[in-house]
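An overview of the molecular structure
Residue-level listing of the chains:
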Amino acid sequence: ERERERGREPILPTMSSSRSSSSRPKIRPLPKTVVDRIAAGEVVQRPVSVVKELLENSLDADALQIDISSQRGGLESITVTDDGVGIHPRDLPLACTRFATS
């Protein structure tokens, strides 16, 4: 909300509380104002950054059960398994594009 008060789009959209599938696409392109604010050289600093992103993806998918495991502190492997609703087939092409979000 603070971002909107300052006249800027929030980087992360608010999540819906409904677990049911809606007709609104779950994946959509980010607004140009947000894309322009993303650093071009963004890199993963620590394995916890990956876990955070994957956990957010699970929550976006309305997961109720989320299991996280790693090997060597996440340096060798990070696995996140959830019971979320997943991506609707119509959203797959857009999900693989640059600067799209759920």
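What counts as what
Residues numbered from 1 in each chain as written. Predicted model: local features only at pLDDT ≥ 70, side-chain atom pairs only at ≥ 80, totals over all residues. Heavy atoms only, no water. Helix = DSSP H or I, 4+ residues; strand = E, 2+ residues; numbered from the N terminus. Buried < 20%, exposed > 50% of the residue type's maximum accessible area, 1.4 Å probe, protein only. Contact = heavy atoms within 4.5 Å. Areas by Shrake-Rupley, 256 points an atom, 1.4 Å probe, with all protein chains shown as cover. Pairing = 2+ DSSP bridges. Salt bridge = Lys/Arg side-chain N within 4 Å of Asp/Glu carboxyl O. pLDDT = per-residue confidence, 0-100.

**A word on the overall build of the protein chain**
Each helix and strand in the protein chain was counted, giving four helices and four strands. Along its sequence from the N terminus, the protein chain presents helices and strands in the succession α-β-α-α-β-β-α-β. Within the span of the protein chain, comprising 102 residues, buried residues form 13% of the whole. Taking the contacts inside the protein chain whose residues are at least 6 apart along the sequence as the reference set, 60% of them involve residues at least 24 apart. Carbon together with sulfur atoms contributes 55% to the accessible area of the protein chain, which is approximately 7,800 Å² in total.

**Points about the pairing of strand β2 (residues 66-71)**
Inspection of the sheet shows β2 paired to strand β3 (residues 77-82) by six bridges, in the antiparallel sense. Counted as the bridge partner of Gln71 is Ser77 from β3. Linking β2 back to β3 in an antiparallel pair, the connection comprises five residues, with Arg72 at a positive phi of about 55°.

**Considering the pattern of salt bridges**
Side chains that carry opposite charge are capable of pairing whenever their charged atoms lie near each other. For the coordinates displayed, the defined rule picks out two salt bridges. The closest approach of N and O atoms between Lys26 and Asp62, which form a salt bridge, is 3.4 Å. You can see Lys26 sitting in the loop between α1 (2-5) and β1 (28-29) and its partner Asp62 sitting in the loop between α3 (47-60) and β2, a full 36 residues away along the chain. We classify Lys26 as partly exposed; its relative accessible area is 27%.

**Overview of the environment of Asn57**
Residue position: Asn57 is located in helix α3. When its relative accessible area of 35% is taken as the criterion, Asn57 is described as partly exposed. Sequence separation of Asn57 and Val80 is 23 residues, and the distance between their C-alpha atoms is 9.8 Å.

**Points about the confidence of the model for the protein chain**
Caution applies to low-pLDDT parts of the model: their predicted coordinates are not meant to be read in detail. Averaged over every residue, the pLDDT of the protein chain is 76; residues scoring 70 or more account for 67%. Here α1 stands out as the element of the protein chain with the lowest mean pLDDT, 49, in contrast to β2, whose mean of 96 is the highest. Segment residues 12-17: pLDDT under 50, and seven contacts once partners within four positions in sequence are set aside and those in other chains are kept.

**Looking at unusual backbone geometry**
Positioned with a positive phi, Asp62 is a non-glycine residue whose angle comes to about 60°. In the Ramachandran plot, Arg72 falls in the positive-phi region, its phi being about 55° despite a non-glycine side chain. As for its placement among the helices and strands, Arg72 is situated in the loop between β2 and β3.

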